[in-house]
Amino acid sequence: AIGSDRSIGLIELAKEKDSNNQVFAADSLRLPMRDECVDVILSIAVVHHFSTRALRIQALRELNRILRVGGKIFIQVWALEQDERKFEHQDVFVPWHLQYKYEDEEENINEVIKEKDVINDAEKKTIVYKRYYHVFQKGELEELFKDFENIEIEESFYDHANWGVIARKTKKLV
């Protein structure tokens with residue numbers, strides 16, 4: 001298994017957890033992998049960070065490109081229809097708490113909190129950023145796949161405030 005994330009910090013954490021983890025930093029819109037080279041793709045909490053429908057489709061195109069025929073994709077995104085959170089709009093900024101222990105030095109923390117729209121929550125020992133989310137309505141994730149003639153959705157589901165799909169690549173890209 002291999003993994004990728006745009007965040008160098010998360011890549012480093014994965015390596016710290018287990019030095020055998022094969023992980024690398026990459027942009028989901030332009031993955032540095034050859035065509036049809038993986039059997040299974042897990043995309044959890046990724047697609048909902050893209051700000052436009054076109055970017056969300058491009059991310060799915062990249063997953064389709066690297067997936068082998070017969071391979072499966074598991075995608076999970078935040079749902080608009082959550083019990084614990086209520087959203088007024090589908091495109092929102094949500095507070096995200098980064099614990100101090102994940103910042104290298106106190107000097108970094110002091111520099112970061114000078115930035116606009118960043119809050120230092122000293123009581124919780126976190127830096128609070130605002131992260132962009134597109135929260136998906138029921139059926140919206142499946143709708144993104146409608147123009148992919150070689151992808152078949154096998155299952156759609158709602159689980160713990162997320163919409164998800166499991167899809168299979170049925171034929172080679174032309």
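Residues numbered from 1 in each chain as written. Predicted model: local features only at pLDDT ≥ 70, side-chain atom pairs only at ≥ 80, totals over all residues. Heavy atoms only, no water.

Peer 1: What am I meant to see in the sheet that holds strand β6 (residues 119-121) here?
Peer 2: To summarise the sheet geometry, strands pair through backbone hydrogen bonds and adopt either a parallel or an antiparallel arrangement. If you walk across this open sheet you meet the 3 strands as β5-β7-β6, and the pairing is antiparallel. Strand pairing shows two members of the sheet lacking a second neighbour, β5 (91-99) and β6, which therefore form its edges. For this sheet the average axis-to-axis angle between neighbouring strands, irrespective of direction, equals 40 degrees. (Pairing = 2+ DSSP bridges. Helix = DSSP H or I, 4+ residues; strand = E, 2+ residues; numbered from the N terminus. Axes fitted to C-alpha atoms, helices over the stretch in contact; angles between N-to-C directions.)

Peer 1: Just checking my understanding: could you explain the sheet that holds strand β4 (residues 67-78) for this structure?
Peer 2: Taken together, the 4 strands give an open sheet; going across it, the order is β3-β4-β9-β8, and neighbouring strands pair in mixed fashion. Only two strands of the sheet have a single neighbouring strand rather than two, namely β3 (38-44) and β8 (151-159). Strand-to-strand twist of the sheet, defined as the mean angle between neighbouring strand axes without regard to direction, takes the value 10 degrees. With respect to the sheet, helix α2 (residues 53-66) is in contact with β3, β4, β8 and β9 (162-169), its orientation differing from that of β4 by roughly 150 degrees. (Contact = heavy atoms within 4.5 Å.)

Peer 1: What is the right way to read the environment of G71 from this model?
Peer 2: Tracing the backbone shows G71 in strand β4. Its relative accessible area of 5% is what places G71 among the buried residues. Separated by 100 residues in sequence, G71 and K171 place their C-alpha atoms 9.8 Å apart. Sequence-distant contacts of G71, that is, excluding residues within four places in its chain, are made with D39, A167, R168 and K169. (Buried < 20%, exposed > 50% of the residue type's maximum accessible area, 1.4 Å probe, protein only.)

Peer 1: Help me out: how do you make sense of the packing of aromatic side chains in this one?
Peer 2: In this structure the tally under the stated criterion is 7 aromatic pairs. Between W78 and Y133 the ring centres are 3.9 Å apart and the planes differ by 15 degrees, which places this aromatic pair in the stacked class. Within this pair, whereas W78 is found in strand β4, its partner Y133 is found in strand β7 (residues 126-134), the two being separated by 55 residues in sequence. Relative accessible area serves as the criterion here: at 15%, W78 is assigned to the buried category. Since its relative accessible area comes to 6%, Y133 is described here as buried. Ring centres of W96 and Y129 lie 6.0 Å apart, and the angle between their planes is 45 degrees; on these two criteria the pair is classed as tilted. Note that W96 is positioned in strand β5 and Y129 in strand β7, a separation of 33 residues in sequence. (Phe/Tyr/Trp six-rings, centres within 6.5 Å; stacked < 30°, edge-to-face > 60°.)

Peer 1: What exactly am I supposed to notice about the pattern of salt bridges here?
Peer 2: When their charged atoms lie close together, side chains carrying opposite charge are able to pair. Enumeration according to the criterion identifies 11 salt bridges in this entry. Note that R65 is salt-bridged to D35, the shortest N-O span being 2.8 Å. One end of the pair, R65, is in helix α2; the other, D35, is in the loop between β2 (22-25) and β3, and 30 residues separate them in sequence. Linking E143 and K146 is a salt bridge whose minimum nitrogen-to-oxygen distance equals 3.6 Å. A residue is classified by how much of its surface remains accessible, and E143, at 30% relative accessible area, is partly exposed. The exposed category is assigned to K146, whose relative accessible area is 55%. (Salt bridge = Lys/Arg side-chain N within 4 Å of Asp/Glu carboxyl O.)

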